[in-house]
Amino acid sequence: MTNQCEIKFTKLDKEKLLLTLSGNWKLDNNIPDASVIEEKILSFSGIGYLEFITTDVAEWDSGILTFLIKINEWCSKNNIKMETGGLPQGVQRLLALASAVAEREGARRQFVREPILSQIGSGTINFVHSTIEILNFFGEVSVAFMRLLRGKARFRRADFLLILQDCGINALPIVSLICLLVGLILAFIAAIQLMMFGAQIYIASLVGIGMIRVLGAVMAGIIMAGRTSASFAAQIGTMEVNEEIDALKTTGISPIEFLVLPRVIALVLMMPLLCIFADLMGVLGGFIVGVGMLDIGITEYYNMTVDSVGINNFLIGIFQSCVFGVLVALAGCLRGMQCKRSASAVGDAATSAVVTGIISIVIATAIITILCNVLGI
Amino acid sequence: MINSESHITVHDLTMAYGSFVVQRNLTFTINRGDIFIIMGGSGCGKSTLMRHMIGLQKPAAGEIIIDKLNFWNAEVRERETMMRNFGILYQSGALWSSMTLAENISLPLEEYTDLSSNDIKEIISLKLALVGLSGFEDYYPSEISGGMQKRAGLARAMALDPEILFFDEPSAGLDPISAKLLDDLILELRDSLGATVVIVTHELASIFAIGNNSVFLDPDTKTMIAVGDPNKLLAESDNPKVQNFLTRGKIHYEQTS
């Protein structure tokens, strides 16, 4: 006896066809294709009953079941009756189990491609909804902030201090590293051009103004969007998954006051400090290139920087960093509060928080730059 | 029965997410001191019904009356006052993960009472002792087991001596002995505090052991198909779905009728 799947057809009488199965009917053993067998059955015209003999089937697994289910479906379509009596006991029972619960109508998902116009339409509706949601959130945070000013809102001081530490001192190493390198890069690029007409000394003003007016704040903002905003979204999102937000609400504590306010305030307080630090590190980067490579004197570089960077540039930088602090914190908290109830939703919330944070930083920078231009600052 | 004064009345309640109706025409009364079971198969809207009763989700239609006050028509402030009488044990415990057990229990106390920090400390040890967690004050929720988290959640739910205790699947994820201990604790709390207890569960052992009133939600017809004492429902109900559920599928109904 070979282990090959084999099937023999014997016509018993006018209507009855006997299928004799033998061999190992297992998934990895080349089970014959159901459609081939179906054609074969059709070639005996006028068949009304199918019977099986499986005494020579040595081993079987799900392979024989899927094969028989296909045959069975085909039979019922073609008004052929399939007698399962000759099949192994286990196969009979599993077939009965598989057909015990009829497929629930409408349960199977239909994948219909949406026409492009309706995609645009639902996209627009979603956009409007999410804009309203964002405005709502801004409103709620503002109300909570007013309550805080009137001494009514509350959050735990311990939470606040922890957040302060996390988005303040814990962020210093990465902010210093990146801003030092940005200062270096800026100075290098400028050096190549400025050296061509012997104006190396202007590296000091270029790096100084560039870092202090814009880049210090923007770099610090983007780092915080990647670092803190994502962590806010993940923390709050996990609390949502864990029903902790529900527990706050039913205890009568507003999650906006309890979770969002301390985060926004902490970041708004820490961002200007981080920005000052970022400015310093950026200027230091330029200083290293200027003094170390281009032989500009230490005092010369210092004086040039101080002369060219006015107080206005510094204040604009600080103002921007405050704005970024609000935006980054709100982006993180908003995405966290919008989180759905699953593990992957927390990941999505963190991703979306970073994206929202960075986009809003870039847009805010553009607006502030244009405004300063118009106002002539 | 302790007494039969009605405590919570749900009248013609329809619950929906957008245009998708979860359950409609729910009408039942929970008496003071009842242990009321919300039961039904998976996905029939048991937890959703509880979310409506604890103020997390607004009904699409109908009303919930608690202590003769209309819960959802009340102003936000008034509703919050009513919610102060609720103690809620969430399915996952929902302890605030950034706080120790003591801080978890003290938050509602600090929020709503003028107790001194010493008094609060004493209440915390008392509540933790009641659920068998003495000495765990300074543990964070992630440092204790799932069963302990649930008991700690119960301690927090009891912090303000609530009049109504809500439990969302209290025995889910617990071993049979812990589940039994939790059932005993619920009975004990009802008897000693005189609280009304509302439990969402499909744990048959608990349903028969502690429930004295219930509603059965059916996901197919999207409404309730039985109300009353679960033990009586088992003996008397002639609804095959209810019988099927209460007997774990041994159609008891064919033999009795």
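Placed above this text is the structure.
A. Quick peek at the sheet that holds strand β2 (residues 16-25) of chain A. Residues and elements named next belong to chain A. Strand order in the open sheet formed by 4 strands is β1-β2-β3-β4, and the pairing between neighbours is mixed. On the outer flanks of this sheet lie β1 (6-11) and β4 (81-82), each paired with one strand and no other. Two elements, strand β3 (residues 49-60) and β4, share 2 bridges in a ladder whose sense is parallel. Its bridge partner lying in β4, Y49 is registered against K81. Sitting on the sheet, helix α1 (residues 34-43) is in contact with β1, β2 and β3, with an inclination near 15 degrees to β1.

B. Seen up close, the state of the cysteines. All names here are of chain A. Within the structure shown, the criterion is met by 0 disulfides over all chains. Distance from the sulfur of C339, which forms no disulfide, to the nearest cysteine sulfur (C333) is 13 Å. Overall, the relative accessible area of 8% leaves C339 in the buried class.

C. Local environment of the pairing of strand β9 (residues 213-218) of chain B. Residue and element names in this part refer to chain B. β9 sits mainly inside the fold: 6 of its 6 residues count as buried. The alternating pattern of β9 places N213, V215 and L217 and S214, F216 and D218 on opposite faces, both of which are buried. Pairing analysis gives 5 bridges linking strand β3 (residues 35-40) to β9, with the strands arranged parallel. From the neighbouring strand, M39 faces β9, where its bridge partner is F216. Pairing of β9 with strand β10 (residues 223-227), which is carried by 4 bridges, proceeds in the antiparallel orientation. Across the sheet, residue F216 finds its bridge partner in β10, namely A226.

D. Molecular detail of the interface of chain A and chain B. Between chain A and chain B, the residue contacts involve 18 residues of the former and 23 residues of the latter. Inspection of the region where chain A meets chain B yields 4 salt bridges. Here E103(B) and R156(A) are joined by a salt bridge, their closest N and O atoms 3.5 Å apart. The interface formed by chain A and chain B includes 11 residue pairs in polar contact (both at pLDDT 80 or more). Broken down by element, the side of chain A that touches chain B gets its largest block of residues, 6 residues, from helix α8 (residues 244-250) of chain A. Each residue belonging to the side of chain A that touches chain B can be placed in one class, and the counts come to 5 nonpolar, 4 polar and 9 charged.

E. Inspection of the packing of aromatic side chains at higher detail. Residues and elements named next belong to chain B. The final tally for this structure, using the stated rule, is 10 aromatic pairs over all chains. Ring centres of F71 and W72 lie 5.5 Å apart, and the angle between their planes is 75 degrees; this geometry places the pair in the edge-to-face category. Accessibility expressed as a relative area gives 10% for W72, which makes it buried. Each ring, one from F71 and one from F86, has its centre 5.7 Å from the other, and the planes form 50 degrees; the classification is tilted. On the criterion of sequence distance, the pair formed by F71 in the loop between β5 (69-70) and α2 (76-83) and F86 in strand β6 (residues 86-89) is long-range, its members being 15 residues apart. Each member of the pair F71 and F86 is classed as buried. Put simply, the rings of F71, W72, F86 and F166 pair up and form one aromatic cluster.

About the cut-offs
Residues numbered from 1 in each chain as written. Chains lettered and ligands numbered in written order. Predicted model: local features only at pLDDT ≥ 70, side-chain atom pairs only at ≥ 80, totals over all residues. Heavy atoms only, no water. Pairing = 2+ DSSP bridges. Helix = DSSP H or I, 4+ residues; strand = E, 2+ residues; numbered from the N terminus. Contact = heavy atoms within 4.5 Å. Axes fitted to C-alpha atoms, helices over the stretch in contact; angles between N-to-C directions. Disulfide = S-S within 2.5 Å. Buried < 20%, exposed > 50% of the residue type's maximum accessible area, 1.4 Å probe, protein only. Salt bridge = Lys/Arg side-chain N within 4 Å of Asp/Glu carboxyl O. Polar contact = N/O pair within 3.5 Å; in protein donor to acceptor, adjacent residues only side chain to side chain. Nonpolar A, V, L, I, M, F, W, Y, C, P; charged D, E, K, R; others polar. Phe/Tyr/Trp six-rings, centres within 6.5 Å; stacked < 30°, edge-to-face > 60°.

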